[in-house]
Amino acid sequence: MGREILNRKGRRTRLLRAAILASVTLPGTAIAGDVVGTISSASLDRPARGVTVMIEETGQSVGTDQNGRYSMLGLDAGTYTLLIVQPGYKDQRITVTVPQEGSVTADASIELVGDASDGAIVVTGARTSRLLAIERKRSLPVIADIVSSDGIGKLPDYNTAEALQRLPGISVEIDQGEPRYVVIRGVDPNLNQVTIDGNIVGIPEAEGRRVALDTIPSDLVAAIEVVKTVTPDYDANAIGGSINIVTPTAFDQNKPFTYLSGRGIYNGASDKLGFAASAMHGQKIGPDESFGIVAGISYSKRFIDSQLVDPLGWTEVSDGFFAPTGMRYFDYSIMRERIGAILNLDWRPSDTVHLYVRNIYNEFTDVEGRDQFDYDMDRGDITFPAPNQVTYSSGRATREFRQNEQTQKLYNISPGADFSFGNVDLALNYTYAHAQEHTPVRDDIEYRSGSVAVSTILVEGEMPTFVDVDEVLFDPASFPLRRIRLRRETIDEDLHAIKADIKVNFADVSDSFLKFGVKYTDRTKDRDNYQELWEPAAAVTFADTGTALPEISNFYDGDYRFGPAMDYAATLDYFFQQNPGSLVLDEETTGFNDRASDYRVNEKIYAGYVMASMELGDLTAIGGVRIERTEGTYDAFAIRDTDGNGSITVSDITPLSFDQTYTHVLPSLALNYRPMPNVAIRAAWTNTIGRPNYSDVVPTFEEEDGEGAAGNPGLEPYTSMGLDFSAEYYPDAESIFSLAMFYKNIKNPVYTQRLVDTSFAGIDLLGLSQPQNATDGELFGIEANAVRRLTFLPAPLDGLGISANVTFVDSNVNVPGRTDDLPFFRQSKWIAGGALFYEKGPIEARVALSYRDAYLTSVGGTSASDGYAAGRTVLDARLSYRVMKGVEFFGSVSNITEEPSIGYQAIRNQITAREAYGVNVDFGFSASF
């Protein structure tokens, strides 16, 4: 009955009042009373957002904000009945008497349908996460998907990026088997905007603008919002979308909270056990509980081993028969350490003043040892001894070891203030963000044989294998030292952002307002790379050093023979301590490498916007425009063969500075139609931009083993126009059925072009990778999502539930010089995920599946040299048991099927990379108090 009244009266009354905007109340002119209050969920013991509060006598309604607060301004004095409605909750009515002037507080608590009548809290664990995520999604005015923490302070997955891959239209890029970068609807993660509590973050990496989300510990996160259609008050560089990481505050819950967790982390490939622990406490303090503090810390250490086989240089060696002309093996041993901390402070002396400081620190250290074996087979004649077999008469090999130690740091401090002056809200914020990537050690030791090896390879099945391999490839005495490279790098980014937003709420119309704001961002990024190249003064072999370790046994399940491993520390000791005169510094190359990849970037972004929201009955329209002006200065070193002698010396490297300035005017319109409280129909027209990656736009150049990578200062920024439509149905508080369609037209997309057998700045190269602008591209997609508990089943099956989503995207891009159809870069045609879960009593269990289709990674001169990442399916499982209120023990297994990561050239059976990972097992406890 309550929903019928809300629909009938609300539709008539709000249509009338939305048309009479002359009722805007200005500060200091109030002649009537106000009703303010907070709505809480008794089932979750925290404020409830998106709740509809309606005055039955007038039909006026408002929605609660993220803190569960609502306000109704300018009411005539009298007694009113407030109807409180939230899908899946019991309707609540309260009576309130409004004074002639001033305000009255009317708080309320609502309960889930089926909860105990006394309001006892019955929702725990994963149910809490699902309820909060759906509540947040339903209340937002944009098309978005959410992941929220559960009742004991953690996300559904331990890795922040991994948790997001459960959402519709979301896939991830992995690093050593761990999800790291988030891909929204197949768009390059460099085109996502990432914020923490709505504040911009620094980017520690040298190459792009993407943020590695696995750097941020998931047990310090309250929720993650993936906004797919931004409004003008969002930063414009969000072609993929805007990812907002929300950290907890003391006002998120009604009572103090303390979370503790500890777990072991086992990796099957390394057969090593790591560990992790976290602690967080939050509470409101002071006689009126106006101060709030949340402090948390997280630590983890894990070990990862992986093995990689790369069949390289696929070539048509005879009529219609393609074979690789090189093979490369990697054997990794990795330790990863993560440290995170937050300190969030709030002061709310009244309902109209909120002062806060958000602090977050993250540190991610990766220590990696990598044995490498490269075999260049095709340096002589080719014969065919049997079907699908190729014999290469001459080839040479390289044995290399790389020690890489790298630490990334992210730090944000964001003080701010929110004020309310009647119907005017003012929000002020300053953010300082610092990001750093420090690589104190990146050493390469390289031995190379002569061109004496004879081998026969079989091209059959998924991967080519060797029928016969020359023993010379496994003899350390056959490998003279070629060089030792010692590299060091520091990347620092400092970012300052100041913004101010003013919102004028129209009286008596809940979702009607005028909002405008300005923002200034100053970002400075420095990359300082240093390399020393040491060469042998006299011939010395791998065997001479005595640092060869036993052969790596059972490499790649015995399918390939790797040969001896290398003792990194003993090798450096042999050359630099025991025999200091055995190496000579190549001063020319060292001087070249010291500057070739250095750069300094300074970008200043001036932004302003104006937007208005108008409520027209059940329809709310949000329209406006954002203007962003980018002023960039890019300093690097120009690399040119100035004397034409075919080689590059230090004198050929000269400082280069250039400026780029561009302005974008970006209108948008969002429509939200809510014919009933549990139905939301949304549509959006958006315009966004994407700034080129740092390393793409600065004129740097790097070369390694004949492969070159160069920047392109002539790149244009991306622009994108998007159309979106979604329909959402919420049958109860923790279920959703949704269908969305989207279209994007992207101009000036940047792709990586790889040219073979070319030269750059006078240097002959086997291949050169350089970013280029394509003309344009477009994509059209459909995504469907369903989450439902199967409570209609008989016990004990009524604890079962399902979640499933699928996204289909059709795309194309126009690349200069190519007339064939190409999909958009990094665009998977199919993305899907699903889970079967069970929640009943103290038991929670989940089996989850994630799938993404193949996507284009690089564009060659012809389709025969295009690079792709193959499709990948990952299966995970989790089981927990609650031993008492607030305490659970759990275990989880990820990558159960040990799914590899595969890259290929042009067609699926021409694999260019296959990296094998082991299964990961986590087990431990979580507790809340």
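1. Focus: the sheet that holds strand β15 (residues 223–227)
Working definition: the strands of a sheet are paired by backbone hydrogen bonds and lie parallel or antiparallel to each other. Pairing is mixed in the open sheet, where five strands are placed in the order β10-β15-β16-β13-β14. Edge positions in the sheet fall to β10 (144–148) and β14 (199–200), since each has one partner strand and no second. Here two bridges tie strand β13 (residues 192–196) to β14, and the two strands are oriented antiparallel to one another. When the sheet's bridge partners are listed, I196 is paired in β14 with N199. Helix α2 (residues 125–139) contacts β10, β15 and β16 (241–246) of the sheet and is inclined by roughly 150° relative to β10.

2. Concerning the packing of aromatic side chains
In the structure shown here, the tally under the stated rule is 26 aromatic pairs. Summarising the aromatic geometry, the rings of Y329 and Y560 are spaced 5.4 Å apart at their centres and angled 55° between planes, so their arrangement reads as tilted. Highlighted residues: Y329 in strand β22 (residues 326–350) and Y560 in the loop between β31 (548–551) and β32 (564–566), separated in sequence by 231 residues. Assessed through its relative accessible area of 6%, Y560 is described here as buried. With 5.2 Å between their ring centres and 45° between their planes, Y520 and Y606 make a pair best called tilted.

3. Here's the deal with the pairing of strand β20 (residues 315–318)
As defined by bridge partners, β20 adjoins strand β21 (residues 321–323) across three bridges and the pair is classed as antiparallel. Residue pairing in the sheet places T315 in a bridge with A323 of β21. Between β20 and β21, which follow one another and run antiparallel, lie two residues, and G320 among them has a positive phi close to 80°.

4. Digging into unusual backbone geometry
The amide bond that connects A795 to the next residue, P796, takes the cis arrangement and shows omega of 5°. Its location among the elements puts P796 in the loop between β44 (776–789) and β45 (800–814). Phi at N388 takes a positive value of approximately 65°, unusual for a residue other than glycine. Within the secondary structure, N388 sits in the loop between β24 (382–383) and β25 (389–421). Overall, N388 belongs to the partly exposed group, its relative accessible area being 33%. At E898, a position not held by glycine, the phi torsion is positive, near 55°. Among the structural elements, E898 can be located in the loop between β51 (887–894) and β52 (901–905).

5. Description of a nonpolar patch on the surface
Residues L260, I843, L879, Y881, V883, M884, F889, F925 and F929 make up a contiguous nonpolar surface patch of about 880 Å² in total accessible area. With respect to the secondary-structure elements, I843 resides in strand β47 (residues 843–852). In this structure I843 comes out as partly exposed when scored by relative accessible area, which is 33%.

6. Remarks on helix α5 (residues 568–578)
Of all the residues in α5, the buried ones are Y568, T571, L572, Y574 and F575. For α5, the arc enclosing every buried residue in end-on projection is 155°, short of the 170-degree limit, so these residues lie on one face. Set apart from the buried face of α5 by more than 90 degrees, the exposed residues are A569, Q577 and Q578.

7. Topic: the confidence of the model for the protein
Residues with a pLDDT of 70 or more make up 93% of the protein, whose mean pLDDT is 89. Of all secondary-structure elements in the protein, the lowest mean pLDDT belongs to helix α1 (residues 2–19), at 43, while strand β26 (residues 424–448) reaches the highest, 97. Considering only residues more than four positions removed or in separate chains, one finds that residues 5–30, a stretch of pLDDT under 50, has 51 contacts.

8. Some remarks on the sheet that holds strand β6 (residues 78–85)
Taken in spatial order, the four strands line up as β4-β3-β6-β7 in an open sheet, and their pairing is antiparallel. With one partner strand each, in any of the chains shown, β4 (61–63) and β7 (92–98) form the two edges of the open sheet. Between one strand and the next, the sheet's axes are offset by a mean angle of 25°, whatever the strand orientation. As paired elements, β6 and β7 share seven bridges and run antiparallel to each other.

9. Quick look at the side chain of Q910
Relative to the elements of secondary structure, Q910 occurs in the loop between β52 and β53 (911–917). Once residues within four sequence positions are removed from consideration, Q910 is found in contact with W314, F322, Y904 and Q905.

10. Remarks on the environment of D418
Here D418 shows up in strand β25. Here the alpha-carbon distance between D418 and I94, two residues 324 residues apart in the chain, equals 29 Å. With near-sequence residues (within four places) excluded, D418 lies in contact with T352, V353, H354, Y356, L426, A427 and L428.

11. A word on the pattern of salt bridges
Once their charged atoms are close, side chains differing in charge can pair, the charge on each being opposite to the other. Inspection of every chain in the model, using the stated rule, returns 59 salt bridges. Residues E631 and R629 are paired through a salt bridge, measuring 2.9 Å at the closest nitrogen-oxygen approach. Judged by its relative accessible area of 28%, E631 is partly exposed. Each member of the salt-bridge network shares a partner with another, and the members are K137, D145, R185, K228, R682, D724, E728 and E783.

12. Topic: the environment of E728
Turning to its location among the elements, E728 is positioned in strand β40 (residues 718–729). Judged by relative accessible area, E728 falls into the buried class, the value being 3%. Along the primary structure E728 and I681 are separated by 47 residues, whereas in three dimensions their C-alpha atoms are 6.2 Å apart. Setting aside residues up to four positions removed in sequence, E728 forms contacts with K137, N678, V679, A680, R682, F737 and S738. There is a polar contact of 2.9 Å between the side chain of E728 and the side chain of R682. Within the local environment of E728, its side chain forms a polar contact with the side chain of Y730, the two groups lying 2.6 Å apart.

13. What about α2?
Given 3.6 residues per helical turn, the α-helix brings residues three or four places apart onto the same face. The terminal C-alpha atoms of α2, which comprises 15 residues, lie 22 Å apart, in line with the 21 Å expected from a rise of 1.5 Å per residue. Across the 15 residues that make up α2, a large majority, 13, are buried.

14. Concerning the side chain of T160
Counting through the fold element by element, T160 comes out in helix α3 (residues 160–164). By relative accessible area, which is 0% here, T160 ends up buried. Excluding its chain neighbours within four sequence positions, the residues that come into contact with T160 are L213, I216, P217, S218 and I224.

15. Topic: the pairing of strand β12 (residues 178–184)
Most of β12 is tucked away: seven of the seven residues are buried. As paired elements, strand β11 (residues 170–175) and β12 share six bridges and run antiparallel to each other. Looking at the pairing, I170 lines up with I184 of β12. In textbook terms, the turn of a hairpin is the stretch between consecutive antiparallel strands, and for β11 and β12 this stretch comprises two residues, one of which, Q176, has a positive phi near 55°.

Quick notes on the rules
- All chains use their own residue numbering, which begins from 1 and follows the written sequence.
- With pLDDT at 70 or above as the cut-off, local features in this predicted model cover only qualifying residues; side-chain atom pairs require 80 or more to be listed or tallied, and sums for whole chains, interfaces and linings still use all residues.
- The side-chain values count all of the structure's non-hydrogen atoms but skip hydrogen atoms and water molecules.
- Strands pair, by our definition, only if DSSP identifies at least two bridges between them.
- For helices the rule is a DSSP run of H or I covering at least 4 residues; for strands it is a run of E covering at least 2, with both sets numbered from the N terminus onward.
- Any two residues whose heavy atoms approach within 4.5 Å are treated as being in contact.
- Note on geometry: axes are C-alpha line fits, over the in-contact stretch for helices, and angles between N-to-C directions span 0 to 180 degrees.
- The rule is short: rings of Phe, Tyr and Trp, with Trp giving its six-membered ring, pair when the centres are within 6.5 Å, and they are stacked under 30 degrees, edge-to-face over 60, tilted in between.
- Burial status follows relative accessibility: with a 1.4 Å probe on protein chains alone, a residue under 20% of its type maximum counts as buried, one over 50% as exposed, and anything between as partly exposed.
- Only residues whose relative accessible area exceeds 30% and that take part in no salt bridge are eligible for patches, with like-charged residues grouped when within 9 Å of each other and nonpolar side chains (Val, Leu, Ile, Met, Phe, Trp, Tyr) grouped when within 5 Å.
- For accessible areas, the Shrake-Rupley method is used with a probe of radius 1.4 Å. Any residue's cover is judged against the shown protein chains and nothing else.
- Should a side-chain nitrogen of Lys or Arg be within 4 Å of a carboxyl oxygen of Asp or Glu, the pair is scored as a salt bridge.
- What the arc measures is the spread of directions leading from the helix axis to the C-beta atoms.
- Note: pLDDT gives the predictor's confidence per residue, expressed from 0 to 100.
- N or O atoms closer than or at 3.5 Å make up a polar contact, with two conditions inside protein: a donor-capable atom paired with an acceptor-capable one, and, for residues adjacent in sequence, both atoms drawn from side chains.
- To estimate how far a helix should extend, the number of its residues minus one is multiplied by 1.5 Å.

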